[in-house]
Number of protein chains: 2
Amino acid sequence: MMLGPAIELGLEVTVLATGPAESAAQGAARVRIGRHDDEEAVRALADEVDVLTFDHEHVPPPILHGLVRDGLAAVRPGPDALVHAQDKLLMRERLTALGHPCPRWWRATGPADVEAALDDVAAEGADRRSARVVVKTPRGGYDGHGVRVVSSGEDVADWFTEHGELLVEELVPFTRELSAQVARRPGGETVPFEVVRSRQQDGVCFEVIAPAPDLDPAAQRSIQDLARAIAEDLDVTGMLAVELFETADGRVLVNELAMRPHNTGHWSMDGAVTGQFEQHLRAVADLPLGSPARTAPHAVMVNLLGGSRDDLAAGAREAMAQDPSLKVHLYGKDVRPGRKVGHVSCAGEDPEELLARAHRAERLIIEGRRSVEDQGGAATEENA
Amino acid sequence: MMLGPAIELGLEVTVLATGPAESAAQGAARVRIGRHDDEEAVRALADEVDVLTFDHEHVPPPILHGLVRDGLAAVRPGPDALVHAQDKLLMRERLTALGHPCPRWWRATGPADVEAALDDVAAEGADRRSARVVVKTPRGGYDGHGVRVVSSGEDVADWFTEHGELLVEELVPFTRELSAQVARRPGGETVPFEVVRSRQQDGVCFEVIAPAPDLDPAAQRSIQDLARAIAEDLDVTGMLAVELFETADGRVLVNELAMRPHNTGHWSMDGAVTGQFEQHLRAVADLPLGSPARTAPHAVMVNLLGGSRDDLAAGAREAMAQDPSLKVHLYGKDVRPGRKVGHVSCAGEDPEELLARAHRAERLIIEGRRSVEDQGGAATEENA
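Just so it is clear, the structure is predicted and the values come from calculations on it, not from any experiment. (Residues numbered from 1 in each chain as written. Chains lettered and ligands numbered in written order. Predicted model: local features only at pLDDT ≥ 70, side-chain atom pairs only at ≥ 80, totals over all residues. Heavy atoms only, no water.)

Remarks on the overall build of chain A
Tallying secondary structure elements over chain A gives 13 helices and 17 strands in all. For 384 residues, the compact-globule estimate of 2.2 N^0.38 gives 21 Å, and chain A sits close to it at 21 Å. Here the C-alpha coordinates of chain A stretch approximately 60 × 55 × 40 Å along the principal axes. Counting only contacts in chain A whose residues sit at least 6 apart along the sequence, the fraction spanning at least 24 positions is 60%. Element-wise, carbon and sulfur atoms account for 47% of the exposed surface of chain A, whose accessible area totals about 15900 Å². (Helix = DSSP H or I, 4+ residues; strand = E, 2+ residues; numbered from the N terminus. Rg over C-alpha atoms; globule rule 2.2 N^0.38 Å. Contact = heavy atoms within 4.5 Å. Areas by Shrake-Rupley, 256 points an atom, 1.4 Å probe, with all protein chains shown as cover.)

The structure is reproduced here in structure tokens:
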């Protein structure tokens, strides 16, 4: 999704893809086939570009440090920043040291440490047997992978063998999840997007609404300041997404960091003067940042997660016919259950109407059927 | 500019370009090098795509008729439609036969026919010696090329040798120029954009404002109906642009036709729910058409015509820094005086403010200097 904005900005993009069928390889004018964890492949790419950036966090830090050391390309975000999006233990350590609000967390090297965390959590409540904590693998997790909610250290014994250390966190009793994105140039200029609300199911984002409903201006500003402070403290270049928990007592805690365009910012492609992919390119290419202003009072994004229908293009045609103002984005990926294969978005006056339209289109595309409501039945909507 | 929308629509595009440095070839994943008037090159392209469409009018009709006859690809717009954007004499004949409003016109096979037209024009006015008509080459003209305003048949004697027949038109005393765009699918579905005002200098568009100021709803609808009727009568597929003269006595006359995304529609890329390049792709790929609604009360587009500065990228950086809400589009072309090398656009509330911002950016990019106004001098603006 960076390729379109790159053309308009006059930037030449070379994509490193593991194979020609990868989404980013399908639309790019210049593609190198190679693995992101193959040092030679990454160095060969770096050798022919001015700036190296990322659409995921999985390039090993030693490879990136080597590029910086040898001056092969500007790496943006740099490896010293990116590692905080790669390693959740390092992220927690650093954010805590900087005084940024996090859930309670523990470093665990074995099941006994998980039990100790459970003791800590239970001490505050009533029943030790019902105590639960969240355990995360420090690296490689995404979309709910690498996350388990457990009530015993034995529940993650296998992960200690595989990962050595694990991150344990309190189970935050959040009322909703928010996301704050900020773009930052190498020289330090930052531009925040408005804070949005995201909704997740089984660890996967399925819906975003911009701006976050009922967020008062002071809270909005305070969250934007937090995102900006993290971008500055970690020396991030490009887009930073700070995923947050909002609690019933009004606290905001950092959940995860991503240093790239992020799912919670897709709404901006069709709902803001400058979309997040354009903004990321401006930031990493050290171009002046664009206005993040919305083009409508509200914007909504709903993910397309692989369902029962393989022919997404047919579904897209039906959704486009049904709703000419809706934007459908397909990623050119094969359908697998639960896999993110695209998204839809729309912008307008009434957030409830936007949500209804986006979910109707989503079901039509991935399931090939109208919603219950459209079929004349009860207007019940799962998760809505 | 079709490439970005094609990625989001999930369409694979193969570009036929005369060389790898051509704008469209620079960003495309699939490029064939060959000339658009080389039958073998066009047939080889058609053989590997489902739909063939155009970003100019210069593919010879016999080549396109051959593709249709042999069923090599769907040609959209088809050659029987496209010829009316290729040959101005055929266009005038057909529109006149259909009863669509045109300037007075004459077919000329030699200087004597031009003189006869001058006699016709002078008969209505006072002085035969001051009579003037517009003479156009039927084919190959663009941006003022192939157009002369003459007061004698001898002024175009050279063109008769070269072209055989010429189109002679009355010099229309228009008050302003308008443009009406409509998208049409193969099955007949049409969606009009709002009518815009364009301003030209030496036959080259330099500014567009959407919607056309002070155009009453009835006139808007009547012009949209005219564009739709032309699209239907000529069986156009894709985007049709109808460039129009508005006269002091309230008439509207067709000036030119283009069957592709058109300069007067660039505003829609950043100012409408569906930009004209996306809409053209939807139409020629037979996908449901998108909403042409504006995302702001007004949108303005100003062309970047080659000036004194070669480093447009530096100019773009300065303009982006000066105005974060402005969109700069560079076409990756070498700068030559007067050549269209990009455009800027912005959308918002106040059309006068938008025009001022767009022209300020345009001068900064192509001349490398602030406007007179910015420099603290008199606020005089040529053509504004």
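Concerning the pattern of salt bridges
All names here are of chain A. According to the stated counting rule, one finds 58 salt bridges over all chains in the structure shown. For the salt bridge of Glu169 with Arg92, the shortest nitrogen-to-oxygen distance reads 2.6 Å. With Glu169 in strand β8 (residues 166-170) and Arg92 in helix α6 (residues 88-98), this residue pair connects regions lying 77 residues apart in the sequence. In this structure, Glu169 and Arg92 share a single accessibility class: buried. Measuring nitrogen to oxygen at the nearest pair gives 3.0 Å for the salt bridge that ties Arg309 to Glu318. Residue classification places Glu318 among the partly exposed residues on the basis of a relative accessible area of 30%. (Salt bridge = Lys/Arg side-chain N within 4 Å of Asp/Glu carboxyl O. Buried < 20%, exposed > 50% of the residue type's maximum accessible area, 1.4 Å probe, protein only.)

So, the packing of helix α5 (residues 79-86) of chain B against helix α6 (residues 88-98) of chain B
Residues and elements named next belong to chain B. Their axes nearest at 6 Å, the elements α5 and α6 cross at an angle of 110 degrees. Classified by the angle between their axes, α5 and α6 sit roughly perpendicular to one another. Contacts between α5 and α6 involve Val83, His84 and Gln86 from the first element and Lys88, Leu90, Met91 and Arg94 from the second. Partitioned by chemical class, the residues of the contact of α5 with α6 number three nonpolar, two polar and two charged. (Axes fitted to C-alpha atoms, helices over the stretch in contact; angles between N-to-C directions. Parallel < 35°, antiparallel > 145°, perpendicular 65-115°, else oblique. Nonpolar A, V, L, I, M, F, W, Y, C, P; charged D, E, K, R; others polar.)

Brief notes about the environment of Val236 of chain A
Residues and elements named next belong to chain A. Tracing the sequence through the fold places Val236 in the loop between α9 (217-233) and β13 (238-247). The spacing of Val236 and His145 is 91 residues in sequence and 25 Å in space, taken between C-alpha atoms. For Val236, the contacting residues outside a window of four places in its chain are Ala81, Arg184, Ile230, Ala231 and Met259.

A closer look at the relation of the copies chain B and chain A
Expressed as a screw operation, the relation of chain B to chain A combines 0.0 Å of axial shift with a rotation of 180 degrees, fitting to an RMSD of 0.0 Å. The transformation relating the two chain copies, once decomposed into turn and shift, fits a two-fold axis. Both copies present the same face, since 100% of the interface residues in chain B are matched by interface residues at the equivalent positions in chain A. (Least-squares fit on C-alpha atoms with pLDDT ≥ 70 in both.)

Description of the domain arrangement of chain A
When its domains are assigned, chain A resolves into domain 1 (3-75), domain 2 (104-170) and domain 3 (174-367). Once you take the C-alpha centre of each, domain 1 of chain A and domain 2 of chain A turn out to be 35 Å apart. (Domains from an automatic or database assignment.)

Focus on the UniProt feature "binding site: ATP" (unreviewed entry) in chain A
Residue and element names in this part refer to chain A. The positions UniProt marks with the feature "binding site: ATP" (unreviewed entry) are Lys88, Lys136, Glu169, Glu170, Leu171, Val172, Glu177, Asn255 and Glu256. Mapped onto the fold, Lys88 is located in helix α6. Position of Glu177 among the secondary structure elements: in strand β9 (residues 174-184). Its relative accessible area of 10% is what places Glu177 among the buried residues. Not counting chain neighbours up to four residues away, the residues in contact with Glu177 comprise Val196, Arg197, Ser198, Gln200, Leu244, Phe245 and Asn255. (UniProt positions renumbered as here; feature names shortened; annotations may be inferred.)

A closer look at the interface of chain B and chain A
Listed per partner, the contact involves 32 residues of chain B and 32 residues of chain A. Carbon and sulfur atoms make up 53% of the area that chain B and chain A hide from each other, which totals about 2600 Å². Across the chain B-chain A interface, the total number found is two salt bridges. One salt bridge in this structure joins Lys327 of chain A and Glu278 of chain B, with 2.9 Å as the shortest N-O distance. (Buried area = accessible area lost by both parts, 1.4 Å probe.)

Topic: helix α11 (residues 276-284) of chain A
Counting buried positions along α11 of chain A yields nine of nine residues, so the element is predominantly enclosed. Immediately beyond the C-terminal end of α11 of chain A, within one or two residues, lies Asp286 of chain A, with a positive phi of roughly 55 degrees.

A look at the sheet that holds strand β7 (residues 147-150) of chain A
Residues and elements named next belong to chain A. Within the open sheet, the four strands sit side by side as β5-β8-β6-β7. Their pairing is antiparallel. In this open sheet, the two strands that pair with only one neighbour each are β5 (105-108) and β7. Along the sheet, successive strands turn relative to each other by an average axial angle of 25 degrees, direction set aside. Across four bridges, strand β6 (residues 133-136) lies against β7 in antiparallel orientation. (Pairing = 2+ DSSP bridges.)

Here we look at the side chain of His343 of chain B
Relative to the helices and strands, His343 of chain B is located in strand β17 (residues 340-348). Among residues more than four places away in sequence, those in contact with His343 of chain B are Met1, His266, Met269, Met301, Val302, Asn303, Leu304, Lys327, Val328, His329 and Tyr331 of chain B.

With respect to the packing of aromatic side chains
Tallied over the entire structure, the rule returns four aromatic pairs over all chains. Seen from their ring centres, Phe193 of chain A and Trp267 of chain A are 6.1 Å apart, and the 85 degrees between their planes marks the pair as edge-to-face. Note that Phe193 of chain A is positioned in the loop between β10 (190-192) and β11 (196-201) and Trp267 of chain A in helix α10 (residues 267-271), a separation of 74 residues in sequence. In this structure, Phe193 of chain A and Trp267 of chain A share a single accessibility class: buried. Here Phe174 of chain B and Phe245 of chain B contribute two aromatic rings whose centre-to-centre distance is 4.7 Å and whose plane-to-plane angle is 15 degrees, an arrangement assigned as stacked. (Phe/Tyr/Trp six-rings, centres within 6.5 Å; stacked < 30°, edge-to-face > 60°.)

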